[in-house]
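# Architecture at a glance
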Amino acid sequence: MEASNAGGGSRHLLASLLAFILGGANNYYVEEGEEEEEESEVVIRKVVQWIRSAWEVVRESALVPALRLAVAVCLVMSVIMVLEKIFMGAVSLFVRLAGRSPSKVHRWEPFPDHFDEEMQQGSIDSHPMVLIQIPLFNERQVYNVAIRAACNLLWPSDRLVIQVLDDSTDLVVRELVKDECEKWKRNGMNINLETRDHRKGYKAGALKDGMKSSYVQKCEYVAIFDADHQPTCDFLKQTIPFLIHNPKIALVQARWKFVNADECLMTRIQEMSLDYHFKVEQEAGSSTFAFFGFNGTGGIWRIMAIKEAGGWNERTTVEDMDLAVRASLKGWKFIFAGHIKVKSELPCTFKAYRFQQHRWSCGPANLLRHMTFEIIAAKNATIWKKFYLLYSFFFARKIICHNVTFFFYTIVIPISIFFPQVVIPKWAVVYIPTTITILSSVTTPSSIHLVLLWILFEQVMSFHRCKAVYIGLLEAGRVKEWIVTEKFGSKINMQNGMKADHKKPKSKLWERLNVTELVLGAFLLMCASYDIAYRVKAYYYYILPQSLSFLIVGFGFVGNLSEANI
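As recorded in an unreviewed UniProt entry, the protein chain goes by the name glucomannan 4-beta-mannosyltransferase, listed as coming from Dendrobium nobile. The Subcellular location (unreviewed entry) comment attached to the protein chain in UniProt states, word for word, "Golgi apparatus membrane". As recorded by UniProt, the Sequence similarities (unreviewed entry) comment attached to the protein chain reads in full: "Belongs to the glycosyltransferase 2 family. Plant cellulose synthase-like A subfamily."

Right, here's the structure in full:
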């Protein structure tokens, strides 16, 4: 009985304290005979009412205006993004309809028919010395792909210098690369193996050190091929004429052809994104301002242009784009030759693809941080070239694109479900994303039936790209991270009649979990469920599939689930 009275006294004291906080001491009276349970209910109702009132004040005075501002910013970014897509698409379409191929726009003359015969008989002094650089780092599966392709190029053997830049830390791989180079040297190829005992500057450092070799000084042009890139034997015969007959051309970039695009759904989706990059973005840049970002491989440079631009610079993880921007500011021009294709491999595991996309998104943002004032102050670039570089190439494509894709469609639109008073125009929710999707997917007609899956996967990847952008802009933690994209080489080796490596068993589920994707998937599922339950805005048609895509990726059911032996 005493315990009961003590409990009642405690409840009475708590009720008095809450009443004092909510209504002040003078407003709280307890009439004789009133039940303590009823007093508690009154206080609880007052607490709930106070919390609800406070929430409404915060909601109307802070959250709603903040969300409306976010919507306005996203609308501006969406307009910038769609206009950029329309511009590039229009340029690409005009180039095709007008038949403005590189060989028609620029002077290009094929090598004479007797070239091959003379090449086999001896040297052709009238043809330039060409350097082939092949940077490697622990490329156990594909170390021989680029070496073999370079040695099979149709070019006089005494006018071709092959330089293998091996930074491998795996001693077994180093021996394999050394044996491969010695094999081709015995076959009469002028091949040189250069190794370093450090990885300073990563790929840029290796290329920079390679250019210091004495035998490079007599070369006029340099072609660069990553380990998994396999040029056709006539690559030099197709590209060198552009450089010979057009003295202001610094770079000829070939298009990548993906040998493992059909390996899994993730590689098919990557093919769609990269086809758009090459067929539209690269071609539009080449046809308007004779500028685009060098892809780091599958291209050939005029060595004089590299030297005039200041050589390779390792300040960012996009040394290829860095060199391209600096060379362009010096007045050099680039050609994208989409009809020339170089075989390459797409990453087939989500982990490898995520690391690659981090570097490809973080690097350009970090480069913009370093080069903004350099671009503005450039004396050899026109005002329009500077505007194109800063606004179109960097701001719209490298910053805005990733921000609007993630924040607008994954954060702002789902959150707006909880705020009915925040209205998003239909054209921003439906028409703009539809236009962007159509313009981005038509470049790969064979995969058009996968467009919905492509959209959903790109939404998942937008989180990683957007995060990488801010790491680059702020020069934060992982800004210098360089993880070489894992390559398995099975498709390339099989196409060349070589035995493919055996696969390991599938990895365990808990080893594939991606926590961030699971959290975002749960958040989107909550938003979609609320929309379905209360019929607020009917955005669940889009948000629910998006939540499922995040959850699928979060549980690791994406890409090739097994790994090659390494």
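Structure shown, so let's carry the discussion forward.
This brings us to the pattern of salt bridges. One pass over the full model with this rule turns up 16 salt bridges. The partner of Arg 96 in a salt bridge is Glu 283, with the nearest N and O atoms 2.4 Å apart. Placement of Arg 96 in helix 2 (residues 36-97) and of Glu 283 in helix 9 (residues 265-288) is noted, with a sequence separation of 187 residues between them. When its relative accessible area of 44% is taken as the criterion, Arg 96 is described as partly exposed. Given a relative accessible area of 14%, Glu 283 falls into the buried group. The residue Asp 275 makes a salt bridge to Arg 255 at a minimum N-O spacing of 3.6 Å. Taken together, the positions of Asp 275 in helix 9 and Arg 255 in strand 6 (residues 249-258) put the pair 20 residues apart, joining distant regions of the chain. Its relative accessible area of 16% is what places Arg 255 among the buried residues. By sharing partners, the salt bridges in this structure join Asp 167, Arg 196, Asp 209 and Lys 212 into a single network.

Mapped onto the secondary structure, Lys 386 falls in helix 13 (residues 383-416). Here Lys 386 is buried and forms no salt bridge, its nearest opposite-charge partner Glu 374 lying at an N-O distance of 12 Å. A polar atom in the side chain of Lys 386 sits 2.9 Å from the backbone oxygen of Ile 376. Once residues lying within four places of it in the same chain are set aside, the contact partners of Lys 386 are Ile 375, Ile 376, Ala 377, Ala 378 and Ala 381.

Rules used in this analysis
Residues numbered from 1 in each chain as written. Predicted model: local features only at pLDDT ≥ 70, side-chain atom pairs only at ≥ 80, totals over all residues. Heavy atoms only, no water. UniProt positions renumbered as here; feature names shortened; annotations may be inferred. Salt bridge = Lys/Arg side-chain N within 4 Å of Asp/Glu carboxyl O. Helix = DSSP H or I, 4+ residues; strand = E, 2+ residues; numbered from the N terminus. Buried < 20%, exposed > 50% of the residue type's maximum accessible area, 1.4 Å probe, protein only. Lys, Arg positive; Asp, Glu negative; His and termini not counted. Polar contact = N/O pair within 3.5 Å; in protein donor to acceptor, adjacent residues only side chain to side chain. Contact = heavy atoms within 4.5 Å.

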